[in-house]
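Descriptive structure summary
What follows is each chain in one-letter form.
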Amino acid sequence: MPDFDPHRRQLLKASTAAVGGVAAASGFTTQAVAAPAPAAQPASTLPATMSILLRVNGTEHQLMVDPRTTLLDALRERLHLTGSKKGCDQGQCGACTVLVDGRRTTSCLTLAVMQEGHEITTIEGLGTPGNLHPLQAAFIKHDGFQCGFCTPGQICSAVGMLEEVRAGMPSHVTADLNAKTQPSDMEFRERMSGNLCRCGAYSNIQEAIAEVAGMPSSAPGAKR
């Protein structure tokens, strides 16, 4: 076997020295570098609470609530008024509708702290089993529900809607904005369109509302 070429030995030494110099210049090290410790996170704090006075169904309630609490959650979780239902929690189904100062409101879209000083009425405050509100009685008479989940919101919405009609407030389908608004099936359908019934009891709901509004019955054979 031929002797090792001394020129080759010198070349290898020079190459090794050159690589080491580059590594030193760039700060490279073959030693393992520990990952930097994560920055200390601030200690978590509980959300601040606020004291509010809610007047619901004629009774005042002093509550300590997270300011982010919706009116719906305050009614259901704190006051145990579970008639108002949490359906979509996005204001799209109307199951949580209550009356605030007589006007229908989707309680999942308003904060409890915003309703201090207002009169809140839920389905529990409209009537009692022995003294039903006319709309509650009409819903029973006309079978305006099946599963009943949307019914509290439907009834509260109908109460507020009929007051809107009586006050002459126009809707999208009101033909003459200068004339007094007249109750009609078309008006009721438009004004109640924000309350969804997954069971499809809309025709029965319309019958119940029409009866309370004093409209002629739409039963087969009845004159309209």
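Preceding this paragraph is the structure being described.
First, a word on scope: everything that follows refers to the structure included in this document. (Residues numbered from 1 in each chain as written. Predicted model: local features only at pLDDT ≥ 70, side-chain atom pairs only at ≥ 80, totals over all residues. Heavy atoms only, no water.)

**Quick notes on the environment of Arg76**
Worth spelling out the cut-off: Secondary structure counts use DSSP, requiring at least four H or I residues in a row for a helix and at least two E residues in a row for a strand, with both numbered from the N terminus. Each residue gets one of three labels from its accessible area relative to the maximum for its type: buried under 20%, exposed over 50%, partly exposed in between, using a 1.4 Å probe on protein chains only. Side-chain atoms alone can form a polar contact between residues adjacent in sequence; in general such a contact is a pair of N or O atoms within 3.5 Å, and within protein one must be able to donate a hydrogen while the other accepts it.
With respect to the helices and strands, the residue Arg76 is situated in helix α2 (residues 71-78). Note on Arg76: relative accessible area 22%, which makes it partly exposed. For the pair formed by Arg76 and Lys86, sequence separation is ten residues and the distance between their alpha carbons is 9.0 Å. Among the polar contacts made by the side chain of Arg76, one reaches the main-chain carbonyl oxygen of Ser84 at a distance of 2.9 Å.

**Here's the deal with the sheet that holds strand β5 (residues 119-121)**
Just so we agree on the cut-off: What makes two strands pair is DSSP finding at least two bridges between them. Axes here mean lines fitted to C-alpha atoms, for a helix over just the part in contact, with angles spanning 0 to 180 degrees between N-to-C directions. Residues are treated as being in contact if the distance between any of their heavy atoms lies within 4.5 Å.
Here five strands make up an open sheet; going across it, the order is β2-β1-β5-β3-β4 and the pairing mixed. Every other strand in the sheet has two partners, leaving β2 (59-65) and β4 (103-106) as the edge strands with one partner each. Taking the axes of each pair of neighbouring strands and ignoring which way they run, one obtains an average angle of 40° across the sheet. Taken together, the two bridges between strand β1 (residues 50-56) and β5 define a ladder with parallel strand orientation. When the bridges of β5 are listed, Arg55 appears paired with Glu119. Across the face of the sheet, helix α5 (residues 151-166) comes into contact with β3 (97-100) and β4 while running at roughly 40° to β3.

**Thoughts on the nonpolar core**
Filter applied, for reference: As used in this record, nonpolar core signifies buried Ala, Val, Leu, Ile, Met, Phe, Trp, Tyr and Cys residues forming a set joined through side-chain atoms within 4.5 Å.
Ranked by internal contacts, the top residues of the largest apolar core, which has 23 residues, are Leu126, Leu135, Ile155, Met161, Phe188 and Ile209. Here this core gets seven residues from one element, more than from any other, and that element is α5. Not counting chain neighbours up to four residues away, the residues in contact with Met161 comprise Arg104, Phe188, Arg191, Met192 and Ile209. If you look at the next biggest cluster of nonpolar residues, it comprises 14 residues, including Ile52, Leu54, Val56 and Val100.

**Things to note about α5**
Here is the rule we go by: Multiplying 1.5 Å by the residue count of a helix minus one yields the expected span of that helix.
Over its 16 residues, α5 extends 22 Å from the first C-alpha to the last, a length consistent with the 22 Å expected when each residue adds 1.5 Å. Burial within α5 is extensive, with 14 of its 16 residues counted as buried. Once α5 finishes, Gly168 follows within two positions and takes phi at roughly 80°, a positive value.

**Let's talk about the pattern of salt bridges**
Selection criterion: One side-chain nitrogen of Lys or Arg within 4 Å of one carboxyl oxygen of Asp or Glu is enough to make a salt bridge.
Per the counting criterion, the structure on display carries eight salt bridges. Residue Lys86 is joined to Asp73 by a salt bridge in which the shortest nitrogen-to-oxygen separation is 2.7 Å. Of this pair, Lys86 sits in the loop between α2 and β3 while Asp73 sits in helix α2, and the two are 13 residues apart along the sequence. Notably, a salt bridge pairs Glu164 with Arg191, separated by 3.7 Å at the nearest N-O pair. Here Arg191 lies in helix α6 (residues 185-191) and Glu164 lies in helix α5, a separation of 27 residues in the sequence. Look at the salt bridges and you will find they share partners, linking Arg104, Glu164, Glu187 and Arg191 into a network.

**Section: the side chain of Thr110**
One can find Thr110 in the loop between β4 and β5. Of the polar contacts made by the side chain of Thr110, one reaches the side chain of Gln115; its length is 2.6 Å. Setting aside its immediate chain neighbours within four residues, Thr110 contacts Thr70, Leu71, Thr105 and Gln115.

**Description of the environment of Thr70**
Among the secondary structure elements, Thr70 is positioned in the loop between β2 and α2. A residue is classified by how much of its surface remains accessible, and Thr70, at 15% relative accessible area, is buried. Considered as a pair, Thr70 and Met114 are 44 residues apart in the sequence and their alpha carbons are 9.2 Å apart. Setting aside chain neighbours within four positions, we find Thr70 in contact with Ser107, Cys108, Thr110, Leu111 and Ala112. There is a polar contact of 3.1 Å between the side chain of Thr70 and the backbone nitrogen of Asp73.

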